[in-house]
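Architecture and fold: a report
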Amino acid sequence: MWKKKDSERSPLPRSEMPSGRARQKSPVSVAGERAESVDLEELLGLKDQGGSSMSLVDIWYLIRERWLLGTIVGLVLAAIAATVIMTQPKRYESFIHFDLKSEVNIMENAFVAREGELDAHVAKATSQNFFDYLAENGIADNPELSSALGGPDKIAILNQLSKSITASRAGEFIRVNVRSADPKVAESLANEIGLYYRLYDEEQKSAELDNSEKSLEKSLLESQTKLEEVNRQLNELNQATQRIDGFDGITNRLQVLDIEIPPLEAEVQKKAKILENIKSSEDIEKKLAISDIAINDQVQKVEARYQEAVAHLAKLDGSGLGPNHPDLIEAKDNLQSERSNLENAIRTATVVLERDFELQETQLKKLLAEKESLTGRIENRGENAGEFAKLQTQRDTLSARIKDHQSSLSEIRVSKDAGLSNLGIIDKALPNYVPVTPDKRLAILASLAVFSMSLVGLPVVIGLLDTRLKSIGEIEKFLGLDVLATVPAKSEKEIEDLGLAVIMGNDEPVIESFRVLYSSIRMVSKNEYPQTMLVTSSAPSEGKSFITTNLGAFFAEQGKRTLIIDCDFRRPSQHRNVKETNDQGVIRWYHSNEPVPEDPDQFSESKALGFLALGETENLYLLRAGGSTKSPTGMIESPRFAQLVHSLRAYFDVILFDTPPVGLFPDAVFVADYTDEALFVTKFRELNRHKQKFALSQLQKSGCNVLGIVVNYLTSRAATGYGYGYSDYGYGHYGSKDYARYYQSDDDSKK
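Presented here is an overview of the structure given in this document. All values reported here derive from a predicted model rather than from experimental measurement.

Scanning the protein chain for helices and strands turns up 29 helices and 14 strands. Sorting the 751 residues of the protein chain into buried and exposed places 43% on the buried side. Per element, the accessible surface of the protein chain, about 38700 Å² overall, is 52% carbon and sulfur.

Here it is in structure tokens:
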């Protein structure tokens, strides 16, 4: 069937056969990952591929594309704006100026900033309270003015006043403007305001001063009452302090007590310990060992006789006398008598010690009580001193407050006698017979502003909301690739008839578009033959299969042995372009027992592959899908499929892979491992720009060199306007209707 082109085309041994070009990223990860974090301006289309913001040129394109709509809408809106302004009733304006002299704010005893006073008068001159005052006084006394303002109805008068009077600062002055349909009414009302606002200001300030005077008088009386109470407390405390100071010797007595108390405490503690030891001792010898007992005169005398009796008895015991000897019995009785005397002497000494202890303890308690009393009196004197200082501070504060209140009251009374208002009228209001409304200048400026905003804003807003790519220049700029060729728009019926337009020669415009595409590919491609090229799109029905078939035919016409492989295993369509069935092809061969063809005879004899020769030339062949499947990725990544592609590269100059839309499925990313270059097909003015950009980015992430874009279904000359929008990213983002449309011909694909 085929012949080798040269020796360089011979297949490699199986052990050296590649399983596909090395990927920069795993297809699985590419297929599953969602949109990466991108710049918001880029998502919205406000940045081009270079990262710069939308330029004035871009805005000019948007305006140029829809200038007619912007002009028409702008003229209508400008006419409406001018009509609204020019149909306003005629109004005449008069004004009056007030001068302001700086004054002292009595309540805060400080100078008020002139700017603050001016702002306060501006607010007061347009307040509802002043309008009420003006209606009840100046307008009520002026029948002509009252009638012109809708009188005698007060509500109507107040409504007219709120619409007619405005106030503002005019440099260092206050300006009150009055508008009316009658210039004389405007003049009269302005002069009435000049007269009655000054009276209103005086009454307001007089009322404020009266309230301040009453408040100060009340506060002054309260402060004076408190001062009298503080003075009374100071006098009482002073007398108590003087009594304490007149008690002579308190300090000296405390010093004596500090000397007397410690030794007395020590003596009391010592005697308490001795008495405790005496009471706890049962043996007479232990009691005699206590010094205070031993030094007692009576105890010493009795103890001496007791010791003599002990010695005499011991002497008789040593003389050998019998136990019943009268002398020995007498000596024993004498010893017993002296022991009893000694015990009585010890008890007597103990009683003396207890009496001395009680006297000393009583004396100690008395001294301690005296010291505590004297110390308390001194502490009370200190507390009285602190309270005295506190009361003195209160007295000074109250005295200063009373003085300030008296001074403020004096100033208030002087101000009331001298006059309150610091306003002065600079000049009287004059009639103005030139109407201020309708304002022709305002009407012109407003019309121009509305027209300009419509002319510029409407096209830009519509362009920003329209997410379709609407021109060749816009496609190139937004997708960042050159458009290699454009294919004229054809109906679905025409597309079916033009599946082999290049071979049949039945549509010169279509043939010319593929001639341009072939030339563009030859110019931008950096690869020599053999070439492997992937053709894909972002969504179904963009014409990628039609583009693949006719591009392959043009390569074949140039003498290049060309093979088209239908790798759209989900919804194959190449067999329909050539009016053939889909019972042979890649899927059938993959599941068969046929080996990988390694020579021309095996290719031509393979019943599973079923190569089809297209047209009369011997250079164009089709390898059909051979069925359909919804999970082709395992087959595409298998070594068996890789070996098939490698063997085909040995016998063909050009291999074109027709793949599913890369925006819907990752199949094209997997097939890209076996290709050198790729073409991206897009349908003119149909699809969302961001869906197309996402699909193209998935293909570029695989590492495949995308040569450029083929624009299909071009209905007219490409416009250069731009439109922007936003869309979600990720496989499956087209929605269920896109998938349903994609699989709508599954039954046909199996024929």
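The next thing to look at is the sheet that holds strand E11 (residues 620-623). Here 8 strands make up an open sheet; going across it, the order is E7-E14-E13-E8-E12-E9-E11-E10 and the pairing mixed. Only two strands of the sheet have a single partner each, and these edge strands are strand E7 (483-488) and strand E10 (612-613). Bridge analysis of strand E9 (residues 562-566) against strand E12 (residues 654-658) gives 5 bridges, and the strand direction is parallel. Across the sheet, leucine 563 pairs through a bridge with isoleucine 655, a residue of E12. Of the strands in this sheet, E7, strand E13 (677-683) and strand E14 (705-714) are in contact with helix H16 (residues 472-479), which crosses E14 at around 150°. Packed onto the sheet, helix H25 (residues 639-649) meets strand E8 (531-537), E9, E11 and E12 and runs at close to 145° relative to E12.

What follows covers the nonpolar core. Within the largest apolar cluster, 53 residues are counted, with the highest numbers of intra-cluster contacts made by Leu563, Ile565, Phe569 and Leu648. No other element matches the 5 residues that H25 contributes to this core. Residues within four places of isoleucine 565 in sequence aside, it is in contact with Val586, Leu623, Leu648, Ile655, Leu656, Phe657 and Asp658. Formed by 32 residues, the second largest nonpolar core is a distinct cluster that contains Ala125, Leu145, Leu161 and Tyr197.

Bringing the packing of H16 against helix H27 (residues 689-701) into the picture now. In contact at an axis separation of 10 Å, H16 and H27 are set at 50° when each is read in the N-to-C sense. When the interaxial angle is binned, H16 and H27 end up oblique. As for how H16 packs across H27, the hand of that crossing is right-handed. Side by side, H16 and H27 meet where Glu474, Phe478 and Leu479 of the first sit next to Arg689, His690, Gln692, Lys693 and Leu696 of the second. Within the contact of H16 with H27, the residues separate by chemical class into 3 nonpolar, 2 polar and 3 charged.

This part covers the sheet that holds strand E5 (residues 173-180). Taken in spatial order, the 4 strands of this open sheet run E4-E5-E1-E6, and their pairing is antiparallel. Taken across any chain shown, the strands that pair with only one partner, and hence form the sheet edges, are strand E4 (165-170) and strand E6 (423-427). Between one strand axis and the next, the sheet turns by 30° as a mean value, whatever way the strands run. Direction of pairing for E4 relative to E5: antiparallel, over a ladder of 6 bridges. From the neighbouring strand, threonine 166 faces E5, where its bridge partner is asparagine 177. Relative to E4, helix H5 (residues 114-125) is tilted by about 170°, and along the sheet it contacts strand E1 (92-100), E4, E5 and E6.

The side chains of a regular strand alternate, first on one face of the sheet and then on the other. Across the 10 residues of E14, 9 count as buried, placing the element largely inside the fold. Both E7 and E14 contribute to a ladder of 4 bridges, which runs parallel. Counted as the bridge partner of alanine 485 is valine 710 from E14. Sheet analysis places E13 next to E14, joined by 7 bridges and oriented parallel. Looking at the pairing, lysine 683 lines up with asparagine 712 of E14. Taken together, E13, H27 and E14 constitute a β-α-β crossover, and its handedness is right-handed.

Okay, the pairing of E1 next. Among the 9 residues of E1, 7 are classified as buried, and the element is accordingly described as predominantly covered. Across 7 bridges, the pairing between E1 and E5 is antiparallel. Its bridge partner being in E5, glutamate 93 is matched across the sheet by arginine 179. Inspection of the sheet shows E1 paired to E6 by 4 bridges, in the antiparallel sense. Pairing of aspartate 99 across the sheet is with glycine 424, part of E6.

One pass over the full model with this rule turns up 11 aromatic pairs. A ring pair is formed by phenylalanine 130 and tyrosine 197, whose centres lie 5.2 Å apart and whose planes are at 85°; its orientation type is edge-to-face. Remark: tyrosine 197 occurs in helix H9 (residues 183-245) and phenylalanine 130 occurs in helix H6 (residues 128-139); sequence separation between them is 67 residues. Taken as a pair, phenylalanine 130 and tyrosine 197 share a single burial class, namely buried. Arranged with centres 5.5 Å apart and planes meeting at 40°, the rings of tyrosine 518 and phenylalanine 554 form a pair that is tilted. Separated by 36 residues along the polypeptide, tyrosine 518 in helix H19 (residues 508-524) and phenylalanine 554 in helix H20 (residues 544-557) bring together distant segments of the chain. The class of tyrosine 518 is buried, set by a relative accessible area of 13%.

This part is about the environment of lysine 526. Here lysine 526 shows up in the loop between H19 and E8. We classify lysine 526 as exposed; its relative accessible area is 76%. Between the C-alpha atom of lysine 526 and that of asparagine 705, which follows or precedes it by 179 residues, the distance is 9.9 Å.

Below, the discussion takes up the side chain of serine 702. In this fold, serine 702 is placed in the loop between H27 and E14. A polar contact of 3.4 Å, which involves the side chain of serine 702, links it to the backbone nitrogen of cysteine 704.

What follows is about H25. Among the 11 residues of H25, 8 are classified as buried, and the element is accordingly described as predominantly covered. Restricting attention to buried positions, one finds in H25 the residues Phe641, Ala642, Gln643, Leu644, Val645, His646, Ser647 and Leu648. Here the buried face of H25 lies against E9, helix H22 (586-590), helix H23 (600-605), E11, helix H24 (633-636) and E12.

Conventions used here
Residues numbered from 1 in each chain as written. Predicted model: local features only at pLDDT ≥ 70, side-chain atom pairs only at ≥ 80, totals over all residues. Heavy atoms only, no water. Helix = DSSP H or I, 4+ residues; strand = E, 2+ residues; numbered from the N terminus. Buried < 20%, exposed > 50% of the residue type's maximum accessible area, 1.4 Å probe, protein only. Areas by Shrake-Rupley, 256 points an atom, 1.4 Å probe, with all protein chains shown as cover. Pairing = 2+ DSSP bridges. Contact = heavy atoms within 4.5 Å. Axes fitted to C-alpha atoms, helices over the stretch in contact; angles between N-to-C directions. Core = buried A, V, L, I, M, F, W, Y, C linked by side-chain atoms within 4.5 Å. Parallel < 35°, antiparallel > 145°, perpendicular 65-115°, else oblique. Left-handed = near helix turned anticlockwise from the far one by under 90°. Nonpolar A, V, L, I, M, F, W, Y, C, P; charged D, E, K, R; others polar. Right-handed = clockwise from strand over helix to strand, strands pointing away. Phe/Tyr/Trp six-rings, centres within 6.5 Å; stacked < 30°, edge-to-face > 60°. Polar contact = N/O pair within 3.5 Å; in protein donor to acceptor, adjacent residues only side chain to side chain.

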